[in-house]
Amino acid sequence: MFFDSALMDSIPRLFTPVLLAAIGSALCERVNVFNIALEGMMLIGAFFAVVGTYYTGNALAGLGVAMVAGALSGLVFAYFGVTRGGDHIIVSIGFNVLAIGLTAFLLGQIFGVSGQFDDPRIVQLPRIDLGPVADIPLLGDFLSGQSILVWFAVIMVFVVHWFLKNHKYGLRLRAAGQNDAAMRTVGVSPEALKTSALITCGTLCAMGGAQLSISNVTLYTDGMSAGRGWIALVIVMMCNARLLWVLPTALLFGLVDAFGFRMQGLGLPQQLTESVPYVLAIVVLMLVFRNRRARLAR
Amino acid sequence: MTRTLRKVALPIGVVALGLVLLLAFAPTREAVLAFLNGAFGGRNNFNLYSTLSRFAILLGVAMSVLVSFRAGLLNIGAEGQLVLGGLTAAMIGVYLPAPPLVVTVSALLGAMVVAALWAMLAGLIERATNVPLLIGSLLLNYPAVYLASYFVSHPFRDVNSGATQSFRILREAGLPRFTGTILDYGIVLIGITALVVIVLERTSVFGYRVRMQGYSVGFARASGFPTRRLYYRTLMISGAIAGMTGFVAVFGMNQRFIDGMLTAPLYAWTGIAAVLMAAIIPWVTPITAFFFAALATGAIGMERSVGIPREVGQIIQAIIVLYLSGVAGKMLSGRDGKGR
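Keep in mind that this is a model prediction, so the values were computed, not measured.

### Observations regarding the overall build of chain A
From N to C terminus, chain A includes 12 helices and 4 strands. Computed over C-alpha atoms, the radius of gyration of chain A comes to 19 Å, within 12% of the 19 Å expected from 2.2 N^0.38 for 298 residues, which places it in the range of a compact globule. Considering only C-alpha atoms, chain A reaches an extent of 60 × 45 × 35 Å along its principal axes. By the burial criterion, 52% of the 298 residues in chain A qualify as buried. Within chain A, counting contacts between residues at least 6 apart in sequence, those at least 24 apart form 75% of the total.

### Comments concerning the overall build of chain B
The secondary structure content of chain B amounts to 13 helices and 0 strands. Here chain B holds 340 residues, and the buried ones make up 59% of them. Considering only intrachain contacts with a sequence separation of at least 6, the fraction spanning at least 24 residues in chain B is 77%.

### Things to note about the UniProt feature "transmembrane region" (unreviewed entry) in chain A
All names here are of chain A. With numbering aligned to this structure, UniProt lists the feature "transmembrane region" (unreviewed entry) at residues 12–29, 36–55, 61–82, 89–111, 148–164, 230–255 and 275–291. Between the first and last C-alpha atoms of residues 12–29 the distance is 25 Å; the span itself is 100% helix and 0% strand. The annotated region residues 230–255 carries 85% helix and 0% strand content, and the separation between its end C-alpha atoms amounts to 17 Å.

### Describing helix α11 (residues 267–277) of chain B
All names here are of chain B. With 11 of 11 residues buried, α11 lies mostly within the body of the structure. Taken residue by residue, α11 has Tyr267, Ala268, Trp269, Thr270, Gly271, Ile272, Ala273, Ala274, Val275, Leu276 and Met277 as its buried positions. Positive backbone phi, at 55°, marks alanine 279, one or two positions downstream of α11.

### What about the confidence of the model for chain B?
Residue and element names in this part refer to chain B. Per-residue confidence for chain B gives a mean pLDDT of 85; residues scoring 70 or more make up 89%. Confidence drops under pLDDT 50 across residues 336–340; counting only partners more than four residues distant or on other chains, this segment forms 19 contacts. Across the assembled chains, the prediction reports ipTM 0.87 with pTM 0.88.

### Details of the environment of valine 150 of chain A
Residues and elements named next belong to chain A. Tracing the sequence through the fold places valine 150 in helix α6 (residues 148–166). Sequence separation between valine 150 and isoleucine 11 is 139 residues, and the spatial gap between their C-alpha atoms is 10 Å. Once you skip the residues sitting within four places of it in the chain, valine 150 turns out to touch Pro12 and Thr16.

### Here's the deal with the UniProt feature "transmembrane region" (unreviewed entry) in chain B
Residue and element names in this part refer to chain B. Mapped onto this numbering, the UniProt entry annotates "transmembrane region" (unreviewed entry) at residues 55–73, 80–98, 104–124, 131–152, 182–200, 230–252 and 272–300. Secondary structure content for residues 55–73 is 84% helix and 0% strand, while the C-alpha to C-alpha distance between its ends is 24 Å. Secondary structure over residues 230–252 splits into 100% helix and 0% strand, and the C-alpha atoms at its two ends are 32 Å apart.

### Some details on the packing of helix α7 (residues 186–203) of chain B against helix α10 (residues 227–254) of chain B
Residues and elements named next belong to chain B. Relative orientation of the contacting elements α7 and α10 amounts to 165°, with a least axis distance of 9 Å. The angle between the axes of α7 and α10 places the two elements in the roughly antiparallel class. In this structure, α7 crosses over α10, and the sense of that crossing is left-handed. Contacts from Gly186, Leu189, Ile190 and Thr193 of α7 reach α10 at Ile241, Met244, Thr245, Val248 and Gly252. Class assignment of the residues belonging to the contact of α7 with α10 gives a composition of 5 nonpolar, 4 polar and no charged.

### Thoughts on the confidence of the model for chain A
Residues and elements named next belong to chain A. Taken residue by residue, chain A gives an average pLDDT of 88. The fraction at 70 or more is 97%. By mean pLDDT, helix α5 (residues 139–143) is the weakest element of chain A at 78, and helix α2 (residues 38–56) is the strongest at 95. Every residue in residues 294–298 is under pLDDT 50, and counting partners more than four places away or in other chains gives 12 contacts.

### Digging into the interface of chain B and chain A
Taken together, the 39 residues of chain B in the interface contact 42 residues of chain A. Broken down by element, the residue count for the side of chain B that touches chain A peaks at 15 residues, all from helix α13 (residues 311–333) of chain B. Taken together, the residues of the side of chain B that touches chain A break down into 26 nonpolar, 12 polar and 1 charged.

### A word on unusual backbone geometry
Phi angles above zero are rare outside glycine, and asparagine 32 of chain A is one such case at about 65°. Within the fold, asparagine 32 of chain A resides in the loop between α1 (5–30) and α2. Residues other than glycine seldom take positive phi values, yet asparagine 130 of chain B does so here, at roughly 70°. Turning to its location among the elements, asparagine 130 of chain B is positioned in the loop between α5 (100–129) and α6 (133–153).

### Some remarks on the nonpolar core
Among the nonpolar cores identified, the biggest contains 221 residues, and Ala22, Ile23, Val234, Ile235 and Val246 of chain A together with Leu58 of chain B are the most heavily contacted of them. The greatest single-element share of this core, amounting to 15 residues, is contributed by α10 of chain B. Apart from the residues within four sequence positions on either side, valine 246 of chain A is in contact with Ala22, Ile23, Ala26, Val157, Ile235, Val236 and Cys239 of chain A.

Parameters at a glance
- Residues numbered from 1 in each chain as written.
- Chains lettered and ligands numbered in written order.
- Predicted model: local features only at pLDDT ≥ 70, side-chain atom pairs only at ≥ 80, totals over all residues.
- Helix = DSSP H or I, 4+ residues; strand = E, 2+ residues; numbered from the N terminus.
- Rg over C-alpha atoms; globule rule 2.2 N^0.38 Å.
- Buried ≥ 20, exposed ≤ 12 C-beta atoms within 10 Å, placed from the backbone.
- Contact = placed C-beta atoms within 7 Å.
- UniProt positions renumbered as here; feature names shortened; annotations may be inferred.
- pLDDT = per-residue confidence, 0-100.
- Axes fitted to C-alpha atoms, helices over the stretch in contact; angles between N-to-C directions.
- Parallel < 35°, antiparallel > 145°, perpendicular 65-115°, else oblique.
- Left-handed = near helix turned anticlockwise from the far one by under 90°.
- Nonpolar A, V, L, I, M, F, W, Y, C, P; charged D, E, K, R; others polar.
- Core = buried A, V, L, I, M, F, W, Y, C linked by C-beta atoms within 7 Å.

Okay, structure coming up:
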């Protein structure tokens, strides 16, 4: 059967990393920072989640280490992109290469391996069991037994949406994206707002990376983020950074990913199923942008 | 000239900084010697030739990127264009039953055409549906890379070898090597291409128009330039150069397509870094491309002799790009980045 429990179970696992990165990206978009370093930030998160878990034996501590590394990543971006006023696209390109080099470098220095690190000390993030809900066919697999990050990501969509709409700082974030000079006249530093958005974005991306490395599997491989940061960016572009649209769109991509894995199980080569999300991204972008001028924050 | 100097002053400063960083990572005399030996030395200058081989590929990618960036087109799809070029060359090299010379020439042309079309696809998508070229060209990398990986791991895999790679191309069709070295004539092909790009950019009408279009599309349109045609031509030339580079990698260095041979060394991103470090000035680009080639092979040399991991090269490269983001960014945003 195609729609079986394994497929339902895999959808939330697959859409969570993308959703977390997309929330971060939407925040950056709101403050007019064109951050295309999501990919590198996720990779950093995936790596440091494994490092933290390996040394503490506790997945939550590993997640904490990943979040700190992610926040620092955001800070690095902010230093070059905001403080020094560098071009965001170039900062992103540099950062993505830095993430690839740094993770490969540290993988060798810390664990003495290259390519992949796998150890029984790397444990999984806690899962939330919903009790009786788990017995409902299909829906139970979808909702129950998912990692805490799955629920965190879904709740964050609504929290950040509310924050941007109602909270003082949320409103300021939106204003900072539109008119820096006006912000300065009322005594608010747009640079500080942009930096805080980048730090939050880095943290969220790193959590997405952690979902990949210490929840979906318990190992680290080079280039583990595998383009998910770009998919997250595309989702945010499609939805014009509106978070309530980001959630269903991320779900769609999770579904496609899950179908892809299933098709692999049926013998379709991995390379073909893995390119489907990118082709889909291009096609959907074309449909969405056809009647809209590109709103590329630069 | 002073203007140019002002533009390249900071890049040079950053090169110095990069070298200092390198020394910080490798504080001993031994490590520095290992780096220099790795980049330029070796038995019979073997390492120098591998630096030059890498330089040929990087220069090709950098020239492809340069043509786009110079016109204000943010085409970052060099990776996909490079890989599809290499794959096409390999398929023709292995399966075309023809005399060696015919195989070589058709592989070169095939690689250039396929890569040019792939580059143009991103342009068509932008012009027809407003999807930014930056995003379209980037997303097209993934299907290209996965397709190549599929080809050499399933239908066209060299079944006799354990690695995921294509069969060897027709032996006599491969690019000849300079006698007594591992360096092939691909570097000549790419060197001439680079020279043509640099000269035409300065002297031809087309080069002038491309440059003006890069500085200001409004000016180009008001002056009656055929901006639409320029847009597609620039992209196709950019793609064709990337495809040629893929051909050189397959027919020169490896004589076959090996999965990951063009993506694992981050050629495309390094090429972009070289262009940015050269502040998008054509004649400076070969110098920065050579610098990055030497940085990579030097780092490999350090890893071999003193155990300092080769990723240090990539890290230094990334730090250089980050520090350059301000200057290179001004060069890019003086152009309006849309090119239409």
